[in-house]
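The chain contents come next:
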Amino acid sequence: MKPTNSIFSGLETTVFERMSRLAMEHKAINLGQGFPDVDGPQDIRQVAADALMEGPNQYPPMLGVPTLRQAVADNNKRFYDLDVNWQTEVMVTSGATEALADSIFALVEPGDEVILIEPLYDCYLSLVKRAGATPVFVQVRPPEWKLPEEELRKAFTSKTKAILLNNPMNPSAKVFSKAELQLIADLCIEHDCYAICDEVYEHIVFSDEKHTPLMTFPGMRDRCIRIGSAGKTFSLTGWKVGYITAAPNLLEPIAKAHQFITFTTPPNLQKAVAYGLNKEDNYYASLESELKAKRELISKPLQDMGFDVLPCEGTYFVTCDFSPLGFDCDDVEFCQKLVEEAGVAAVPISAFYGTEGPRTFLRFCFCKKNSVLEEALGRLRKWMGEMAIS
Ligand code: PMP
Ligand code: GLN
């Protein structure tokens, strides 16, 4: 029979799904795939439940229910002082993943180059390739994960159509500095490029300085596609509700892609997310402070065990270098050992590269109950003790 599409046929199942399956198989604590182990706020879920029963449950408008689009526009104003027209500049998607696919398919085509910053969230590369564009890689490297200015400059060419920016960044937990964002903005303007900004962790930033969308930089308002996700902001990853903010001339073709990818998203979930986005500032503050406490809970003990724990400025992930522990294996093998022998699942960082990257780093997800994090730390300690004896 004729071969199926070579890009998808050649892919492995995502590392997140693989690690979750392994975690189940080995009854391990799953600090691999990024999802909270508690359900999101009860009041938001209640709004969804009521809306499901009250209906309507038929196709909502293609761009999203008006209350959610208004709430996204209001959020842009409240947190970033961005004036956004909810009718022409906001669209609801089935998760940030769909928003990324819509944006990439709408913007790029064969002959275009798209700059990807490694380590990269896994769907970026396949989507760019499936759109027929050529990926151009720039790496931020541990332990600082600093954006290399000269390499970035060189990556921009006359063919560059877009850069994909994940800020705060998964898996490095990096928050791009203002100077780095300014550099990206300058290069996008100089080379007349778009920026697809994956900002799903926008409300999970731990420093005093809050998240700054690239869209707020002078000259970037009409070049950026800003993507958010209710999955992260409300700990409801299974709902797959995302949203895009972009200038009307960009949103229009993106909506054309959306109409043939999912067309729409369950109406009750949209209404509940609208309710969520309108919550008081203290909701957002407590999301951040609770996660910050969990970051503290896990980071120091991991460091004490001998991991080199890198700073975590945002997201709910912490990356560690395990080379000080003296194992003679790469990150994939190390994660396999951890899940099988220690009973703790993590994610190998090499899964986030399209080119050769570091091989001694792993990512732990810390949006879990404190008791679960403590149990995971206990298991790791015990395993390391056994390794030291044998
Ligand atoms: N981008 C990044 C950086 C992510 O970590 C994730 C995973 N949640 C997504 C996009 C996908 O988000 P969603 O579940 O809303 O599709
Ligand atoms: N974003 C999540 C992570 O980084 C995974 C989402 C998924 O499994 N598709 O772990």
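Note that the coordinates shown come from a computational prediction; the quantities given were computed from them, not determined experimentally. (Residues numbered from 1 in each chain as written. Chains lettered and ligands numbered in written order. Predicted model: local features only at pLDDT ≥ 70, side-chain atom pairs only at ≥ 80, totals over all residues. Heavy atoms only, no water.)

## Some details on the site of ligand 1
Taken together, G95, A96, T97, Y121, N166, N170, D198, V200, Y201, S229, K232 and K240 make up the full set of residues near ligand 1. Residue N170 places a side-chain N or O atom 2.8 Å away from an oxygen atom belonging to ligand 1. Taken by itself ligand 1 offers 390 Å² of open surface, and the protein chains cover 93% of this. (Near = heavy atom within 4 Å. Polar contact = N/O pair within 3.5 Å; in protein donor to acceptor, adjacent residues only side chain to side chain. Areas by Shrake-Rupley, 256 points an atom, 1.4 Å probe, with all protein chains shown as cover.)

## With respect to the packing of aromatic side chains
Note on aromatic pairs: each is described by the distance of the centres and the angle between the planes. Counted under the stated rule, the structure contains 19 aromatic pairs. Here a set of aromatic residues connected by ring pairs shows up, and it is made of F307, F322, F327, F334, F364 and W383. Over the aromatic face of F176 sits the side chain of K174, whose NZ or CZ is 4.7 Å from the ring centroid. If you follow K368 out to its NZ or CZ, it ends over the ring of F35, 3.7 Å from the centre. (Phe/Tyr/Trp six-rings, centres within 6.5 Å; stacked < 30°, edge-to-face > 60°. Lys NZ or Arg CZ within 6 Å of the ring centre and 35° of its normal.)

## Here's the deal with the state of the cysteines
Inspection of the entire model under this criterion finds zero disulfides. Its sulfur unpaired, C123 is 15 Å from the next cysteine sulfur, which belongs to C197. Judged by its relative accessible area of 14%, C123 falls in the buried class. The closest cysteine sulfur to the non-disulfide-bonded C367 is located on C365, 3.4 Å from its own sulfur. (Disulfide = S-S within 2.5 Å. Buried < 20%, exposed > 50% of the residue type's maximum accessible area, 1.4 Å probe, protein only.)

## Details of the packing of helix α12 (residues 281-305) against helix α14 (residues 370-389)
Where α12 contacts α14, the axes come no closer than 10 Å and their chain directions differ by 5°. The angle between α12 and α14 places the two elements in the roughly parallel class. Between α12 and α14, the contacting residues are K294, L297, I298, P301, L302 and M305 on the first element and N370, L373, E374, L377, L380, R381 and M384 on the second. Here the residues of the contact of α12 with α14 sort into nine nonpolar, one polar and three charged. (Axes fitted to C-alpha atoms, helices over the stretch in contact; angles between N-to-C directions. Helix = DSSP H or I, 4+ residues; strand = E, 2+ residues; numbered from the N terminus. Parallel < 35°, antiparallel > 145°, perpendicular 65-115°, else oblique. Contact = heavy atoms within 4.5 Å. Nonpolar A, V, L, I, M, F, W, Y, C, P; charged D, E, K, R; others polar.)

## Looking at the nonpolar core
Ranked by internal contacts, the top residues of the largest apolar core, which has 135 residues, are L152, L214, L302, F307, L362 and F364. If sequence neighbours within four positions are ignored, F307 has contacts with L302, C320, D321, F322, L325, F334, L362, F364 and M384. (Core = buried A, V, L, I, M, F, W, Y, C linked by side-chain atoms within 4.5 Å.)

## Details of the pattern of salt bridges
Here the structure, examined in full by the defined rule, presents 24 salt bridges. Across the pair D37 and K369 runs a salt bridge, and its minimum N-O distance is 3.9 Å. Taken as a pair, D37 in the loop between β1 (29-30) and α3 (42-54) and K369 in the loop between β13 (361-365) and α14 lie far apart in primary sequence, 332 residues in all. Note on K369: relative accessible area 40%, which makes it partly exposed. The structure contains a network of salt bridges with shared partners spanning K77, D81 and D83. (Salt bridge = Lys/Arg side-chain N within 4 Å of Asp/Glu carboxyl O.)

## Structural notes on the pairing of strand β7 (residues 224-229)
Most of β7 is tucked away, with six of its six residues classed as buried. Here β7 shows a buried face lined by C224, R226 and G228 and a second buried face lined by I225, I227 and S229. With four bridges connecting them, β7 and strand β8 (residues 242-245) associate as antiparallel partners. Considered in β8, the bridge of S229 is made with G242. (Pairing = 2+ DSSP bridges.)

Geometric values such as these leave the question of function open.
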